[in-house]
Amino acid sequence: MNIELRHLRYFIAVAEELHFGKAAERLNISQPPLSQQIQALESEIGARLLERTNRSVSLTPAGQMFLKESYQIMAQVNAAATRAARMEKGELGEISIGFTSTTPFMHLVTLSLRQFRENYPEVGIHMHQMNTKQQISPLLTGRIDLGIMRNTTLPENLHHQLLFREPFILAVYEGHPLLAYKETGVNIQDIGQYPFVFFERDVGTALYDEIIQLLSLSGITPTIAQEAGEAMTILGLVAAGLGISIVTKSFTRMKVDGVHYLHFANSQAFSEVWLVSHNKRAIPAAANRLTQLLLKNILDHQKS
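- In the nomenclature of an unreviewed UniProt entry, the protein chain is known as LysR family transcriptional regulator of Proteus faecis.
- Listed in UniProt under the heading Sequence similarities (unreviewed entry), the comment for the protein chain reads: "Belongs to the LysR transcriptional regulatory family."

Here is the structure:
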């Protein structure tokens, strides 16, 4: 059966006007072609839709039913067109995002996600916690659209945008001798004698490597007393006196009793946070819109 949308539009116009001349004028076509199209529609369907006399046009029972169905079809088509246009604008769709375990403590990232969800509630956001290196394969295969990760070596098909640089800070427990440097800042060279609490290497891969490199540049081979897989666990172990820990500034959003944060004196040590995507595979428009919001919030913060 070969019925086109224009046939439905023509039929609806005649059914509403119950007058071929008025319907033709409304459709901006001449009357003879309109009559021919309605006849072709009836022939295609195999049913009379309209009763015609010299003075009137009326719907047959089959025409009444077909009009109701035609309204529903046109409404579905219009709704589909609207949704497609909104998806193209990034107002609908799905986004899959990889994120490291420290991402939820990054204020500008969580702020952007909240604003995006408030502005575009019909976009589904699917978050997948993975360490930096674990995000690379899903980004390459398209399982995730965006990755929020630490700086690392990327394959050529992935590219990154720098979101911001996070300073490294030191987390110590209540009564620790290094608290004497709370106001002035502590020198990295002065922390090597104390035991450390670290991320497990297979959890915080990039952060682990960065901290080891930072200590190595200061001639320190750390004594790792304990490793943990979660940020809160690390801080809990610090509070329990098992060691000190080098963390990033976003950790300071976690208020843990018995944990104090110290900045490093005369140090420009920081960790870069990247937004990574595939440079050849198109990502959803909604992911582009989220990226723009995130970069705008970061730029605004830098200006303030």
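## Some thoughts on the UniProt feature "domain: HTH lysR-type" (unreviewed entry) in the protein chain
1) Next: Feature annotation in UniProt places "domain: HTH lysR-type" (unreviewed entry) on residues 3-60, given in this structure's numbering.
2) Next: The distance from the first to the last C-alpha atom of residues 3-60 is 19 Å, and the span holds 62% helix and 10% strand.

## Focus: the environment of E4
1) Next: By the secondary structure assignment, E4 is in the segment before α1 (5-17).
2) Next: Given the relative accessible area of 33%, E4 is considered partly exposed.
3) Next: Residues E4 and L41, 37 residues apart in the sequence, show an inter-C-alpha distance of 9.1 Å.

## Details of the packing of helix α2 (residues 20-27) against helix α3 (residues 31-45)
1) Next: In the contact formed by α2 and α3, the axes pass within 9 Å of each other and the chain directions differ by 105°. Relative to α3, α2 is oriented roughly perpendicular. Counted together, F20, G21, A23, A24 and L27 of α2 and Q31, L34, S35 and I38 of α3 form the full contact between these two elements.
2) Next: Classifying every residue of the contact of α2 with α3 gives six nonpolar, three polar and no charged.

## So, the layout of surface pockets
1) Next: Within this model, the largest pocket holds a volume of roughly 390 Å³.
2) Next: For the largest pocket, the lining is made up of 15 residues, of which L108, F164, E166, K249 and H301 are closest to its centre.
3) Next: Of all elements in the fold, only α5 (107-119), β6 (158-173) and α9 (285-303) reach the threshold of two or more residues within the lining of the largest pocket.
4) Next: Broken down by element, the lining of the largest pocket gets its largest block of residues, four residues, from β6.

Parameters and conventions
- Residues numbered from 1 in each chain as written.
- Predicted model: local features only at pLDDT ≥ 70, side-chain atom pairs only at ≥ 80, totals over all residues.
- Heavy atoms only, no water.
- UniProt positions renumbered as here; feature names shortened; annotations may be inferred.
- Helix = DSSP H or I, 4+ residues; strand = E, 2+ residues; numbered from the N terminus.
- Buried < 20%, exposed > 50% of the residue type's maximum accessible area, 1.4 Å probe, protein only.
- Axes fitted to C-alpha atoms, helices over the stretch in contact; angles between N-to-C directions.
- Parallel < 35°, antiparallel > 145°, perpendicular 65-115°, else oblique.
- Contact = heavy atoms within 4.5 Å.
- Nonpolar A, V, L, I, M, F, W, Y, C, P; charged D, E, K, R; others polar.
- 1 Å grid on protein atoms, 1.4 Å probe; cavity = no way out; pocket = protein on both sides within 12 Å on 5 of 7 lines; lining within 4 Å.
- Points joined across faces, edges and corners; volume = space filled by probe spheres on them.

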